[in-house]
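Now for the letters of each chain:
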Amino acid sequence: MKADKTDITVTILGSGTCVPSLERSSSSVLADSGESKILIDCGPGTMRRLLENGTQIYEISHLLLSHFHPDHTGELVPFLFANKYPDGKRRKIPLSIIGGKGMAGFYAGLKNVYGSWIDLEPNRLNILELSPEKSGISLDDATLESVHVEHNEESLAFRITGSGGCSFVYSGDTDCCDGLVEIARGADLLICESALPDELKVKGHLTPSAAGNIASKANVKKLILTHFYPECDKVDIERQCRKTYKGPLILGKDLMKVCL
């Protein structure tokens, strides 16, 4: 019998937060759709995790930023700077950096500080700013949908669908919101932030039971919780999530892979 072909391979590069950890790098996910290697968020530790995953920075075709907080963008400048080594010619494909409202201004501000050190060879860098309204664009052999979520003005959740029809959703940082439920509806996988335990809920972030409730409402096929602050290590995160979600559940770890 012929084995099913993998549509998208998803790797959790960073399952942590801004808090330094030997086990959890800051937020980042890699999606390999075959023709494209799509990096979602680029928090501190991302490039090391890419190397541990066997992926070179020059292979990344698209870099999506869910929002501009440092634990999601802190390695953007080093990433661009490293792409210039030794002469800027090792990157053979263009890099598209995609984000929400203010993306162009965010990059312009960084360039005002770092100048040509974060600019790539001609025709090698594209900056794309997405509307807060639900929108969709093509990423070579995959499609990208995005929608605004409740965290920052520029915050977006992303849905990536491969050529075979499999899809996953990345929540980014968010509070409970209808937009996340709608974009995640029927997805094969939801990678959802679960920053703090239920009893420590803060505005702009989800807890295990809140993430589970979103997954249940969206009827996703599998849920991965991620973006754990150290407080999550002191409680039974899975048990809290099970109050609202009964489907397949995974607690995210760095370098964990899921094939869709």
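Structural data are supplied above this passage.
We now turn to the structure provided with this report. What you see is a predicted model; the values in this text were computed from it and never measured.

Conventions used here
- Residues numbered from 1 in each chain as written.
- Predicted model: local features only at pLDDT ≥ 70, side-chain atom pairs only at ≥ 80, totals over all residues.
- Heavy atoms only, no water.
- Salt bridge = Lys/Arg side-chain N within 4 Å of Asp/Glu carboxyl O.
- Helix = DSSP H or I, 4+ residues; strand = E, 2+ residues; numbered from the N terminus.
- Buried < 20%, exposed > 50% of the residue type's maximum accessible area, 1.4 Å probe, protein only.
- Contact = heavy atoms within 4.5 Å.
- Pairing = 2+ DSSP bridges.
- Axes fitted to C-alpha atoms, helices over the stretch in contact; angles between N-to-C directions.
- Core = buried A, V, L, I, M, F, W, Y, C linked by side-chain atoms within 4.5 Å.
- Right-handed = clockwise from strand over helix to strand, strands pointing away.

**Observations regarding the pattern of salt bridges**
Note on pairing: side chains with opposite charge can pair once their charged atoms come close.
Turning to step 1, where the next piece is worked out: Within this structure, the stated rule accounts for 13 salt bridges.
Turning to step 2, where the next piece is worked out: A salt bridge links Arg 49 to Asp 254, with the nearest nitrogen and oxygen atoms 2.9 Å apart. Taken together, the positions of Arg 49 in helix H1 (residues 46-52) and Asp 254 in the loop between strand E13 (249-251) and strand E14 (256-259) put the pair 205 residues apart, joining distant regions of the chain.
Turning to step 3, where the next piece is worked out: Under the relative-accessibility criterion, Arg 49 is labelled buried at 9%.
Turning to step 4, where the next piece is worked out: Among the ionic pairs, Glu 182 bridges to Arg 185, the shortest N-O distance being 2.7 Å.
Turning to step 5, where the next piece is worked out: Here Arg 185 falls in the partly exposed class, since its relative accessible area comes to 39%.
Turning to step 6, where the next piece is worked out: What emerges from the salt-bridge pattern is a single network uniting Arg 48, Arg 49, Glu 52 and Asp 254.

**Quick notes on helix H6 (residues 208-218)**
Turning to step 1, where the next piece is worked out: Burial analysis of H6 places 8 of its 11 residues in the buried class, the great majority of the element.
Turning to step 2, where the next piece is worked out: Considered for burial, the residues of H6 that qualify are Pro 208, Ser 209, Ala 210, Ala 211, Gly 212, Ile 214, Ala 215 and Ala 218.
Turning to step 3, where the next piece is worked out: For H6, the secondary structure elements touched by its buried residues are helix H5 (178-184), strand E11 (189-193), strand E12 (223-226) and helix H7 (237-241).
Turning to step 4, where the next piece is worked out: Trailing H6 by a residue or two, Asn 219 shows a phi angle of about 55°, which is positive.

**Points about the sheet that holds E12**
Where strands meet in a sheet, backbone hydrogen bonds hold them as pairs that are either parallel or antiparallel.
Turning to step 1, where the next piece is worked out: A sheet is described by the order of its strands in space; here 7 strands give the open sequence E7-E8-E9-E10-E11-E12-E13, paired in mixed fashion. The open sheet has two edge strands with one neighbour each: strand E7 (135-139) and E13. In this sheet, neighbouring strand axes are inclined to one another by 20° on average, regardless of whether the strands run parallel or antiparallel.
Turning to step 2, where the next piece is worked out: Across 7 bridges, the pairing between strand E8 (residues 142-148) and strand E9 (residues 156-162) is antiparallel. Bridging across to E9, Ala 142 finds its partner in Gly 162.
Turning to step 3, where the next piece is worked out: Packing against the sheet, H6 makes contact with E11 and E12, and its axis sits at approximately 150° to E12.

**Things to note about the nonpolar core**
Turning to step 1, where the next piece is worked out: In terms of nonpolar packing, the biggest core is built from 27 residues, with Leu 180, Leu 190, Val 220, Leu 223 and Leu 225 touching the most fellow members.
Turning to step 2, where the next piece is worked out: Among the elements that line this core, the one with the most residues is H6, at 5 residues.
Turning to step 3, where the next piece is worked out: Those residues within four positions of Val 220 in sequence are excluded, and the remaining contacts are Ala 184, Ala 187, Leu 190, Ala 215 and Tyr 245.

**Quick look at the pairing of E11**
Turning to step 1, where the next piece is worked out: In terms of burial, E11 is largely enclosed, as 5 of its 5 residues are buried.
Turning to step 2, where the next piece is worked out: Neither face of E11 is left uncovered, since the one carrying Leu 189, Ile 191 and Glu 193 and the one carrying Leu 190 and Cys 192 both have all their residues buried.
Turning to step 3, where the next piece is worked out: Of the strand pairs in this sheet, strand E10 (residues 167-170) and E11 are connected by 3 bridges, and their pairing is parallel. Across the sheet, Tyr 170 pairs through a bridge with Ile 191, a residue of E11.
Turning to step 4, where the next piece is worked out: Of the crossover connections in this fold, the one passing from E10 over H5 to the parallel E11 is right-handed.
Turning to step 5, where the next piece is worked out: Across 4 bridges, the pairing between E11 and E12 is parallel. The partner of Glu 193 across the bridge, within E12, is Thr 226.

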